[in-house]
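Each chain, written out:
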Amino acid sequence: MIKYQGMEFQTCEKVYEPAEDTFLLAENLKVKKTDRVLEIGTGTGIIAVITSKITENVIAVDINEYAVECARKNAKINQSDIDIRLGDLFDSVEDEKFDLILFNTPYLPTGEDERIDDELEVAWDGGADGRLVIDRFIEQLPAHLSPKGRVQLVQSSLSNIEETTGRLMEKSFDVSITASERFFFEEVVVLTAKLT
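Residues numbered from 1 in each chain as written. Predicted model: local features only at pLDDT ≥ 70, side-chain atom pairs only at ≥ 80, totals over all residues. Heavy atoms only, no water.

### So, the overall build of the protein chain
Our working definition: Each helix is a run of DSSP H or I of at least 4 residues and each strand a run of E of at least 2, with the numbering of both proceeding from the N terminus. Relative accessibility decides the category of a residue: with a 1.4 Å probe and only protein chains considered, values under 20% of the type maximum give buried, values over 50% give exposed, and everything between is partly exposed. Here, residues are in contact when the closest pair of their heavy atoms is within 4.5 Å. Accessible areas in this description were obtained via Shrake-Rupley with a 1.4 Å probe; residue shielding takes into account the shown protein chains only.
The helix and strand tally for the protein chain stands at 5 helices and 9 strands. Written out in order from the N terminus, the α and β elements of the protein chain read β-β-α-β-α-β-α-β-β-α-β-α-β-β. Burial analysis of the protein chain (196 residues in total) assigns 53% to the buried set. Here the contacts in the protein chain between residues at least 6 apart in sequence split such that 64% fall between residues at least 24 apart. Accessible area for the protein chain stands at about 9,600 Å²; split by element, carbon and sulfur atoms hold 48% of it.

Dropping the structure here:
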């Protein structure tokens, strides 16, 4: 059990446990009361629950069925009304549009010999260069944002922050680093971008 901002969250087997990157995003959320929000890769649901205390319109998705179950438990514990769905990136929201999309991306570069290939690994496995999921996400992102929509994503210096910034700018986003924290071998950042 984790206590955070006066709330309690269960941790669950086979689900990414909230860590420094989770809390970096939690402490730097840019959510408005009127926002329709999508969180991708919800894990335990902690970000979605915090967001649901600001706006009533939150959808959370995860590719891991154990995470979906865990997030539903935590939403119930914290009396949060969140639509939690199973799906890969935008698969379960089809043509829906959002004012704000949140994503703590799987950003760690992993070699073939490091792959475990289980439910938990999808939370951090970014492929050989750490960009496997990030690049897919950016490609699909504009189709799911309302005009002037925003995105906040978490990533590491290990997976080339400049590349992410450049790709977002190519898609007509105004991008800035709104939070960062240095750890032993990497810097983890929150990138906040707005469609221009």
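### Remarks on the packing of aromatic side chains
The way to describe two aromatic rings as a pair is by their centre distance and the angle between their planes. So the rule is basically this: Under the pairing criterion, centres of Phe, Tyr and Trp rings, with the six-membered ring standing for Trp, must be within 6.5 Å; the plane angle then separates stacked pairs below 30 degrees from edge-to-face pairs above 60, leaving the rest tilted.
Under the defined criterion, the tally for this structure stands at 3 aromatic pairs. Ring geometry for tyrosine 4 against phenylalanine 23: centres 4.9 Å apart, planes inclined by 45 degrees, an arrangement best described as tilted. Residue tyrosine 4 is located in strand β1 (residues 2-4), and its partner phenylalanine 23 is located in helix α1 (residues 20-26); the two are separated by 19 residues in the primary sequence. Classification of tyrosine 4 by relative accessible area gives buried; the value is 13%. A connected cluster of aromatic rings, assembled from ring pairs, spans Phe90, Phe103 and Phe137.

### So, the pairing of strand β5 (residues 83-86)
Selection criterion: Two strands make a pair as long as DSSP finds a minimum of two bridges between them. Clockwise travel from the first strand over the helix to the second, with the strands pointing away from the viewer, marks a crossover as right-handed.
With 4 bridges connecting them, strand β4 (residues 57-62) and β5 associate as parallel partners. Pairing of alanine 60 across the sheet is with isoleucine 84, part of β5. A crossover links β4 with its parallel partner β5, the connecting element being helix α3 (residues 65-77), and its sense is right-handed.

### A word on the pairing of β4
Extensive coverage of β4 is indicated by the burial of 5 of its 6 residues. As paired strands, strand β3 (residues 36-40) and β4 are joined by 5 bridges and run parallel to one another. In the sheet register, valine 37 faces β4, and the bridge partner there is valine 58. In this region the chain leaves β3, passes through helix α2 (residues 46-52) and returns to the parallel neighbour β4; the handedness of that crossover is right-handed.

### Regarding the nonpolar core
In plain terms, the rule: As used here, the term nonpolar core means buried Ala, Val, Leu, Ile, Met, Phe, Trp, Tyr and Cys residues forming a set that is joined through side-chain atoms within 4.5 Å.
Among the nonpolar cores identified, the biggest contains 29 residues, and Tyr4, Leu29, Ile46, Ile47, Ile50, Ile82 and Ile84 are the most heavily contacted of them. If you list the elements that add at least two residues to this core, you get β1, β2 (7-9), α1, α2, β4, α3, β6 (98-104) and β9 (187-195). Counting residues per element, this core draws most heavily on α2, which supplies 5 residues. Sequence-distant contacts of isoleucine 47, defined by excluding residues within four places in its chain, comprise Thr22, Leu25, Ala26, Leu29, Glu39 and Leu102. Among the nonpolar cores identified, the runner-up in size contains 26 residues, and Leu89, Leu141, Leu145 and Ile161 belong to it.

### What about the pattern of salt bridges?
Pairing between side chains becomes possible if they bear opposite charge and their charged atoms approach one another. Selection rule: Salt bridges are defined by distance alone: a side-chain nitrogen of Lys or Arg within 4 Å of a carboxyl oxygen of Asp or Glu.
All chains considered together, the criterion is met by 11 salt bridges. We note a salt bridge from glutamate 8 to lysine 3, for which the minimum N-O separation is 3.4 Å. For lysine 3, a relative accessible area of 67% puts it in the exposed group. Taking the shortest distance from any N to any O, the salt bridge between arginine 131 and aspartate 135 comes out at 2.7 Å. Across the pair, exposure class does not vary: arginine 131 and aspartate 135 are buried alike. Salt bridges sharing common partners tie together Arg36, Asp83, Arg85 and Glu96.

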